Amino acid sequence: MTQSTSRGDDADWWRESVVYQIYVPSFADADGDGMGDLRGVTDRLGHVAELGADAVWLTPFYRSPWADGGYDVSDYRDVDPRHGTLEDFRELLESAHALGLKVIVDIVPNHCSSEHPWFAEALASPPGSPARDRFVFMDGRGPDGGEPPSDWQSKFGGGVWTRVPDGQWYMHIFAAEQPDLNWENPEVAAEFESILRFWLDLGVDGFRIDVAHGMRKDLALPLRDTNGSDSAPLNAPPEGHDHPFWDRDEVHDIHRAWRKILDEYTPPRIAVAEAGVGQARLPLYTRPDELHQAFNFPYLRCPWDAGAYREVIDSSLEGARSVGSLPTWVLSNHDVVRHLSRHALPAGTDTVAWLMSDGREPAADQEAGRRRARAAALLTLALPGTAYLYQGEELGLPEVADLPREALRDPMWERTGNTRRGRDGCRVPLPWERSGPSCGFGPGGSWLPQPDGWGEHSVEAQTGRPGSFLELYRTALKTRRSFTGDESFTWLPARDGELAFRKGALECRVNLSGAPLPLPPSEAGPLLASGPCDGRTLPPDTAVWLDAQPR
Ligand code: GLC
């Protein structure tokens, strides 16, 4: 039976927790239209509780024309009919809390949908009007204003400027259907404070803040060109500092104002920043009067290399300590190639090109990917701080790199003129059962096709199967629980290619050396191993947990 995982009303529950990311469109579909919905989530929450997570983060389910999978919101206070109703959300919240799970919802403040009433009003109003001032409208360059105001590049390909019929241009860091809001306009700030309170009053436990580093722009004229320095992939830091629209110091004023609102609630609510910035700037987002956490993308991007891991773990811990917080640890999310597949590819593989070859060039070593993903799970779950898991990683799902091109829905695919496949391959709906329509995702089909054999990864197929991914995760989360609270961290002497450390009384050793390594003699033997391990030797691509203080 499902155990309660709640730490009750402990205000610090988030410091060392496990948050399970639910990508709503692909988690579970109760009504059979092929698209995940909130009732589907409620029906399957038992899985998350049984896994042993503390919280769920739900990606956007708000009203949206779906130009970017729901990250283009047309009504921030309502549920999109494809995902259900507000009543469904209330039920979800109640069920989650009854299971001891906190609920974090996504908030998208950098931009709204071009179908948001504000944008319609802006288009219907003249240049210079208050309705246009809620967005970033500008005149173009060149004699007739026919050139965009600057050379700034969109994350989804092409420029950030789109021209409207009266000749002005509006800015969108992402798709043209996602106009950026003008955060210097007090009406915008007031509206978002009210949106935060709307969800807080409904009872949510926190927010994941989309593009938390993108809201403030330097619009002093003439705009500064960036000469392509902003073409880094999604979530990756822009080169250098003082960029005209990424990671500006002024953005922290917004986070400080929001922290005050979160602190008005009892227990205080939390927020986690999605900020694609380097390790040096990341801690700024989690200063004591700002947000609680920030996703650790430098860790996510770390190659399968002991030295690189050591470096990123050290810099994460150091950065977090400098502001009195703890790091987060993230391996995957709905925007990146699933880590099982990343670690199955030769070091340095360009995953954009790999996806464009339908996952054929270079060939992925699936077995190595599986071993490494299992070892990475034990590494991640042993570190002090909060682990964010992406739905399906507990099932060992690979990236679906060969989705039929006509099935692709990511706006990146079209906007880059079909030169980037985008992110659909990590968003294929979850398999819950071995067989049946959409492998138990729902009673109908699934909005992205599931590949052959998907049911073999299902929760049903893995439950109770010794050595399955799912059982490894369940045991790891359960074991981790008895070591949380002690945040102390020390590296132990290690051989080349080995990571060895203690977090409190939990000792973790990971072998990334490519050859077997002897394990220190221990009477009790490992608490847990990510693969076959006789207790004397640590095979390559394997991690073990040892109790440093046998009780
Ligand atoms: C974030 C989201 C991503 C979305 C983008 C624009 O990076 O994680 O899915 O496309 O913001 O909102």
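Residues numbered from 1 in each chain as written. Predicted model: local features only at pLDDT ≥ 70, side-chain atom pairs only at ≥ 80, totals over all residues. Heavy atoms only, no water.

As named in an unreviewed UniProt entry, the protein is Alpha-glucosidase, taken from Streptomyces pini. Turning to the protein, the UniProt record has this under Sequence similarities (unreviewed entry): "Belongs to the glycosyl hydrolase 13 family." (UniProt positions renumbered as here; feature names shortened; annotations may be inferred.)

Novice: Give me the lowdown on the overall build of the protein, citing residues and values where you can.
Specialist: Per the secondary structure count, the protein includes 14 helices and 20 strands. The globule rule puts the C-alpha radius of gyration for 551 residues at 24 Å, and the 23 Å found for the protein is close to it. If you line up the protein on its principal axes, its C-alpha atoms span 80 × 50 × 50 Å. Counting only contacts in the protein whose residues sit at least 6 apart along the sequence, the fraction spanning at least 24 positions is 67%. Just so you have it, the protein exposes about 20,100 Å², and 50% of that area is on carbon and sulfur atoms. (Helix = DSSP H or I, 4+ residues; strand = E, 2+ residues; numbered from the N terminus. Rg over C-alpha atoms; globule rule 2.2 N^0.38 Å. Contact = heavy atoms within 4.5 Å. Areas by Shrake-Rupley, 256 points an atom, 1.4 Å probe, with all protein chains shown as cover.)

Novice: Describe the site of the ligand, naming the residues involved and giving the relevant values.
Specialist: Not every one of the 14 residues close to the ligand is listed here, only the nearest: D68, H111, D210, E274 and D335. Within the side chain of H334, an N or O atom sits 2.9 Å from an oxygen atom of the ligand. Against a free-state accessible area of 300 Å², the protein chains account for coverage of 99% of the ligand. Among the residues making up the shell around the ligand, the classes are represented as four nonpolar, three polar and seven charged. (Near = heavy atom within 4 Å. Polar contact = N/O pair within 3.5 Å; in protein donor to acceptor, adjacent residues only side chain to side chain. Nonpolar A, V, L, I, M, F, W, Y, C, P; charged D, E, K, R; others polar.)

Novice: Would you mind going over the packing of helix α1 (residues 38-51) against helix α2 (residues 86-98) in detail, with residue names and values included?
Specialist: Relative orientation of the contacting elements α1 and α2 amounts to 15°, with a least axis distance of 9 Å. Compared by their axis directions, α1 and α2 come out roughly parallel. Note on packing geometry: the crossing formed by α1 with α2 is left-handed. Residues L38, R39, V41, T42 and L45 of α1 form the contact with α2, whose participating residues are D88, F89, E91, L92, S95 and A96. Here the residues of the contact of α1 with α2 sort into six nonpolar, two polar and three charged. (Axes fitted to C-alpha atoms, helices over the stretch in contact; angles between N-to-C directions. Parallel < 35°, antiparallel > 145°, perpendicular 65-115°, else oblique. Left-handed = near helix turned anticlockwise from the far one by under 90°.)

Novice: Now, about the environment of S150: what can you tell me, with residues and values included?
Specialist: Inspection of the secondary structure assignment puts S150 in the loop between β6 (137-138) and β7 (161-163). For the pair formed by S150 and T419, sequence separation is 269 residues and the distance between their alpha carbons is 24 Å. Among all residues touching S150, those that are not within four sequence positions of it are R141, W161, L223 and D225. At 3.5 Å, the side chain of S150 forms a polar contact with the side chain of W152.

Novice: Can you explain the sheet that holds β7? Please cite residues and give values.
Specialist: Taken in spatial order, the three strands of this open sheet run β6-β8-β7, and their pairing is antiparallel. The sheet is open, and its two edges are formed by β6 and β7, each paired on a single side. Note that β6 and strand β8 (residues 169-171) share two bridges and pair antiparallel. What sits directly across from M138, in β8, is W169. (Pairing = 2+ DSSP bridges.)

Novice: Describe the domain arrangement of the protein, with residues and values.
Specialist: Domain annotation of the protein identifies domain 1 (18-111 + 185-475), domain 2 (117-171) and domain 3 (487-547). Each of domain 2 and domain 3 was reduced to a C-alpha centroid, and the two centroids are 56 Å apart. (Domains from an automatic or database assignment.)

Novice: Let's hear about the environment of G442: which residues, and what values?
Specialist: By the secondary structure assignment, G442 is in the loop between α12 (411-415) and α13 (459-462). Taking the relative accessible area as the measure of exposure, G442 reaches 8% and is therefore buried. (Buried < 20%, exposed > 50% of the residue type's maximum accessible area, 1.4 Å probe, protein only.)

Novice: A description of the packing of aromatic side chains should follow, citing residues and the corresponding values.
Specialist: Going through the model one piece at a time under the given rule, you end up with 30 aromatic pairs. Taken together, a centroid distance of 5.1 Å and an interplanar angle of 90° make the contact between F27 and W432 edge-to-face. You can see F27 sitting in the loop between β1 (18-22) and α1 and its partner W432 sitting in the loop between α12 and α13, a full 405 residues away along the chain. Residues F27 and W432 agree in their burial class; the two are buried. Counting every residue linked through ring pairs, the aromatic cluster contains F61, Y62, F89, F198 and W199. Residue placement shows R132 over the ring face of F137; its charged tip is 4.6 Å from the ring centre. When the ring centre of F469 is taken as origin, the NZ or CZ atom of R374, which lies over that ring, is 5.3 Å away. (Phe/Tyr/Trp six-rings, centres within 6.5 Å; stacked < 30°, edge-to-face > 60°. Lys NZ or Arg CZ within 6 Å of the ring centre and 35° of its normal.)

Novice: Explain the sheet that holds strand β15 (residues 498-503) residue by residue, including any values.
Specialist: Strand order in the open sheet formed by five strands is β14-β15-β16-β20-β18, and the pairing between neighbours is antiparallel. Each end of this open sheet is capped by a strand with a single partner; those strands are β14 (489-491) and β18 (528-529). Examined bridge by bridge, β15 and strand β16 (residues 506-511) share six bridges and lie antiparallel to one another. Following the sheet pairing, A500 is matched in β16 by R509.

Novice: How would you sum up the nonpolar core? Please name residues and give values.
Specialist: Core analysis: the largest hydrophobic core is formed by 141 residues, its most contacted members being Y20, L58, F61, F89, F207, Y309 and I313. One finds W161, I173, A175 and V211 within the second-largest nonpolar core, a separate group that totals 16 residues. (Core = buried A, V, L, I, M, F, W, Y, C linked by side-chain atoms within 4.5 Å.)

Novice: Run through the pairing of strand β9 (residues 206-209), naming residues and quoting values.
Specialist: Every second residue of β9 is oriented toward a common face, with G206 and R208 on one face and F207 and I209 on the other, all of them buried. One ladder, built from four bridges, connects strand β5 (residues 102-107) with β9; its direction is parallel. Bridge pairing links I107 to I209 in β9. Looking at chain direction, β9 and strand β10 (residues 270-273) are connected through four bridges and run parallel. Within β10, the position partnered with I209 by the bridge is A273.

Novice: Please provide a residue-by-residue account of the state of the cysteines, values included.
Specialist: One pass over the structure, following the stated rule, counts zero disulfides. Distance from the sulfur of C302, which forms no disulfide, to the nearest cysteine sulfur (C508) is 14 Å. In this structure C302 comes out as buried when scored by relative accessible area, which is 5%. (Disulfide = S-S within 2.5 Å.)

Novice: Before we move on, can you summarise unusual backbone geometry with the specific residues and values?
Specialist: In this chain, L221 is followed by P222 through a cis amide linkage whose omega measures -5°. Note on placement: P222 falls in the loop between β9 and α6 (251-263). Of note, the bond from T266 into P267 is cis; its omega dihedral lies within 30 degrees of zero at -10°. Not every positive phi belongs to a glycine, and D358 is a case in point at roughly 60°.

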